[in-house]
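# Coordinate inspection notes
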Amino acid sequence: MYASELSETRAPDRAPDGAAGGSLPETRGHRGAAAAICAAGARILEGLRHAFLLQRGGLIHWVPVCLAVGIGAWFALPTEPGMPAYGALVAAGLLCLAASRLAGEAFAPLLIACALASAGALIAGARAHTVAAPVLEFRYYGPIEGRIVGMDRSASGAPRLTLDRVRLEDVAPARTPARVRLSLHGTQDWITPHPGLTIMLTGHLSPPGGPVEPGGFDFARKAWFDRLGAVGYTRTPVLMAAPPERSAALVVFRVRMALSAAVQAALPGERGAFAAAILTGDRSAIPPDALEDLRGANLAHLLAISGLHMGLLTGVVFASLRGGLALVPYAALRVPGKKIAAGAALAAGAVYLALSGGNVATVRAYIMVSVILVAVLLDRRAISLRSVAIAATIVLILTPEALSGPGFQMSFAATVALVAAFGAVRKWQGPRVPRWAAPVGVLFLSSAVAGLATAPFAAAHFNRFTDYGLIANLLSVPLMGALVMPAAVAAVVLAPLGLAWWALQAMGLGLAWILWVADWVTALEGALTPIVAPGPAVLPLLSFGALVLILWRGGARWLGLLPCAAALWLWVTVERPAILISESGGLIGVLGPEGRALSKARGEGFSAEVWLENDGDLASQAAAAERPGLSGAPGDRRVALGDWTLVHLTGRGRLDRVAGACGADLVVLNAELATPPDRGCTILDTRALRETGSLAIWARTDGPPRIVAARDPDARRLWSAR
């Protein structure tokens, strides 16, 4: 009591007005809080500094990641950047590099990462402008002349030719596409297509199409980087305009096709078509049923000349030559057999690359193998995350457009996962499997790790999960390495002696087994699980989280689980459009309780197939056309989303029915309307849809539906300009 009275007595003497008496404790409180905040900030800064210093020695692993961020950001832009934007990127990159010299050892990598991201965007822009070529701006029907530089088959199985040196009637050379691709229908036995043959025909051409739904795969973008300015078809005879040229640029193409024909002659049927695909990249002879079986069993990767084939071939050459030199005592003691074998394998891979046609997947595989073999030549560790990072960096610099493709994503996902997994196995201090069981364990582990690493990307791009894919790969991949690829190498070596037939027969036995496995696995109940297409943020989040888990050093790596979890949540909760409208206006799809109902059972099959696959739906177009969801007679279909209505007009007399349909909120018409009706209504005819591309419509409870176009008419990229 006395103490309190004393304090109360003294307080007025120190602060008669009561203001100064409370200022000192308040000031001390603010200073204490500020000191605490500063201390906490210092601790956080020190923790970050320590975490970044831990990454020394592994920073090269993040170089392709930073480049990919810039490349992905460039492709995500809605509008083509101009020179001021590129100038700003150059300035930002240089500024970050200069600032990194002052940031200290710990934080300099952050600024270098920003500079690399700027470089990635610049690389993507430079590549897009480097490959620029004219794109057809209208639908063309008339004479077409060009030189054959590519031969394959369409998704429907029709023969398909890619032409350069194109000539179109009444189209100026400056507006003529550098390349066009044509599917051949009807009787086409007037000529036998050969590389370099100049042909003439009458056909239909149109600009490469955009996404069949907003946010989907953009074929126009892929065609831009392939310098493909138009696609089409012909039902008229294809005739020779000039004999094949003796062009040096087409020598490899001729050798490829001749080798493919020779292999198929020695191994008739599916085995020969499979062998030709493995040796030359020519998949045109593979029957659709066999191709679908391989896809259903997750064995389609055995067809593409990618990392597996390139690795097996160079591995067989390397092991054979090194083992052969080791068997000769004089050579074993005096010759660097390991380096000679690596050089020979590098040369064999280059020949294989040339024979395969040099597509992006094969180039990527050769770069990865080359990095490993060069490391052997330089006495460095061949298989490491550093090698993978160097290979990914080279691929992204040469072909930045590959970043969004399934081949790049799946091959590097599998490689990174395998290197990380076997690195962890090497460090494992626990019990080990018996030596006799090691090969089986390695096979199972590699198949399981590669399968798990690529599964999300395969599901996102192909909308299916192969439930028995691991079993199929365990039964097939060992035979691929132990018999098929060694036999392929032996066939090439024995061909000059006329003895390739024996090696091809051995190769055929292995391929027959793989085809049988594919057919058996695909026929199993529940072999395929359909997967809904994810949103655009899912794969980037999932990839970043997985890379943090694998590449980051220290306990903070577990933070990578957060973006992985966010990606899976976004995938699980993804919402599909209530209505989809094709770019031609000839097909609509309405999401109902039984799945998406389509407006017709035939026609525009590619759009229908993609829509259903993205829905995670295995139904056929014909089955989807029988579902409830659309009312009205054929040619006059109606859809209602609450009070909002849509009318879809097709067939004969559709132009005459427009006025009567104008009571609806939206009228979709697969024809061009010359004069709009007197009654005001929103009409989407073919002219309007060419501007917007395909459309997606989402229902909303608090207003009219939300309509999203695949192309914003006011925001164009190089490949979407019309």
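Above this text is the structure in question.
Overview of the structure. Note on numbering: residues in each chain are counted from 1, in written sequence order. Only residues with pLDDT of at least 70 get local features here, since the model is predicted, and only at 80 or more are side-chain atom pairs given and counted; chain-wide, interface and lining totals rely on the full set of residues. Hydrogen atoms and water are omitted, and side-chain values are computed over all heavy atoms in the structure.

## Overview of the overall build of the protein chain
Put simply, DSSP H or I for four residues or longer makes a helix, DSSP E for two residues or longer makes a strand, and each gets a number counted from the N terminus. In terms of helices and strands, the protein chain carries 24 helices and 17 strands. Along the three orthogonal principal directions, the C-alpha set of the protein chain runs to about 120 × 95 × 55 Å. Contacts are assigned to residue pairs with any non-hydrogen atoms lying within 4.5 Å of each other. Restricting the contact set of the protein chain to residue pairs at least 6 apart, pairs at least 24 apart contribute 64%. Surface accessibility of the protein chain: about 37000 Å² in total, with carbon and sulfur atoms responsible for 65%. By the counting rule applied here, Lys and Arg register as positive and Asp and Glu as negative, while His and the ends of each chain are not counted. The atom standing in for a charge is NZ when the residue is Lys, CZ when it is Arg, CG when it is Asp and CD when it is Glu. When the 62 basic and 49 acidic side-chain charges of the protein chain are each reduced to a single mean position, those positions are 12 Å apart. To be clear on the numbers: accessible area is Shrake-Rupley with a 1.4 Å probe, and residue cover counts the displayed protein chains and nothing else.

## Things to note about the nonpolar core
Grouped together as the largest cluster of nonpolar side chains are 50 residues, with contacts concentrated most on Phe274, Ile278, Leu294, Leu299, Met507, Leu511 and Ile514. Per-element tally for this core: the top contributor is helix H18 (residues 500–523), with 10 residues. Beyond its immediate stretch of four places on either side in the chain, Leu511 contacts Arg271, Phe274, Ala275, Ile278 and Val484. Joining through side-chain atoms within 4.5 Å is the link that ties buried Ala, Val, Leu, Ile, Met, Phe, Trp, Tyr and Cys residues into a set, and such a set is a nonpolar core. Burial classes: relative accessible area under 20% of the type maximum marks a residue as buried, over 50% as exposed, and values in between as partly exposed (1.4 Å probe, protein chains only). Of all hydrophobic cores here, the second largest spans 37 residues; its members include Leu67, Val395, Phe408 and Val416.

## Structural notes on the environment of Ala103
Along the chain, Ala103 turns up in the loop between helix H4 (83–100) and helix H5 (104–130). Note on Ala103: relative accessible area 27%, which makes it partly exposed. Excluding residues that lie within four positions of it along the chain, Ala103 makes contacts with Ala108 and Leu111.

## A look at the packing of helix H17 (residues 469–494) against H18
Two elements in contact, H17 and H18, have axes separated by 8 Å at closest approach and are oriented at 160 degrees. Between H17 and H18, the angle is such that the two are roughly antiparallel. The element H17 and its partner H18 pack so that their crossing is left-handed. In this count, Pro and Cys sit with the nonpolar residues alongside Ala, Val, Leu, Ile, Met, Phe, Trp and Tyr, while Asp, Glu, Lys and Arg are called charged and the others, Gly among them, polar. Taken together, the residues of the contact of H17 with H18 sort by class into 23 nonpolar, 2 polar and no charged. Throughout, an axis means a line fitted to C-alpha atoms (over the contacting stretch in the case of helices), and angles, computed between N-to-C directions, take values from 0 to 180 degrees. Orientation labels follow simple angle bins: below 35 degrees gives roughly parallel, above 145 gives roughly antiparallel, 65 to 115 gives roughly perpendicular, and whatever is left gives oblique. Left-handed is the label given to a crossing in which the near helix is rotated counterclockwise from the far helix by less than a right angle, and right-handed is the label when the rotation is clockwise.

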